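# Observations on chain architecture
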Amino acid sequence: MLKIKKNDKKAWVTFTVVCDTEQECVEIAGSWNDWEKESMKQKKDGSFYITKVLPLEQRHEFRYVLNGNEWMNDADAMEVENVFGSANSVIELQKG
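Residues numbered from 1 in each chain as written. Predicted model: local features only at pLDDT ≥ 70, side-chain atom pairs only at ≥ 80, totals over all residues. Heavy atoms only, no water.

Here we take up the pairing of strand 7 (residues 58-66). Most of strand 7 is tucked away: 7 of the 9 residues are buried. Looking at chain direction, strand 7 and strand 8 (residues 70-72) are connected through 3 bridges and run antiparallel. Bridged to Leu66 within strand 8 is Glu70. (Buried < 20%, exposed > 50% of the residue type's maximum accessible area, 1.4 Å probe, protein only. Helix = DSSP H or I, 4+ residues; strand = E, 2+ residues; numbered from the N terminus. Pairing = 2+ DSSP bridges.)

Within the secondary structure, Glu61 is located in strand 7. A distance of 2.8 Å separates a polar atom in the side chain of Glu61 from a polar atom in the side chain of Asn88. Every residue in contact with Glu61, bar those within four places of it in the chain, is listed here: Ala29, Gly30, Ser31, Trp32, Trp35, Val80, Asn88, Ser89 and Val90. (Polar contact = N/O pair within 3.5 Å; in protein donor to acceptor, adjacent residues only side chain to side chain. Contact = heavy atoms within 4.5 Å.)

Once that is clear, we can look at the state of the cysteines. Counted according to the given criterion, the structure contains 0 disulfides. Cys25 provides the cysteine sulfur closest to Cys19, a residue in no disulfide bond, and the two sulfurs are 10 Å apart. Overall, the relative accessible area of 30% leaves Cys25 in the partly exposed class. (Disulfide = S-S within 2.5 Å.)

Attention now goes to the nonpolar core. Counting 17 residues, the largest nonpolar core has Phe15, Met40, Tyr64 and Ile91 as the members making the most contacts within it. Residue assignment for this core shows that the elements contributing at least two residues are strand 2 (10-17), strand 3 (26-30), strand 6 (48-55), strand 7 and strand 10 (87-93). If you tally residues by element for this core, the top one is strand 2, at 4 residues. In contact with Ile91, not counting residues within four places along its chain, are Leu2, Val13, Phe15, Leu54, Gln58, Arg59, His60, Phe62 and Ala77. (Core = buried A, V, L, I, M, F, W, Y, C linked by side-chain atoms within 4.5 Å.)

Spelled out as structure tokens, the structure:
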């Protein structure tokens, strides 16, 4: 799930993962940080979230990583094929 707040130059994007099963950890990796995994915080309801400040007028690709090895896309985001033969989630942050 994605929640986006914008100003003139950047956007605050909150990424939220609600899992069907209990997860030990959920991380996010994306084009904004050369695909380095970042830990997401767990809420009391079991979901995981992180807020990233990202520049506008850019396309950002990302994926979630469950328990260190299972890659998952965001159901609310568009998808684009990646070089590994699977797909990445993608958001295009435009002004306005």
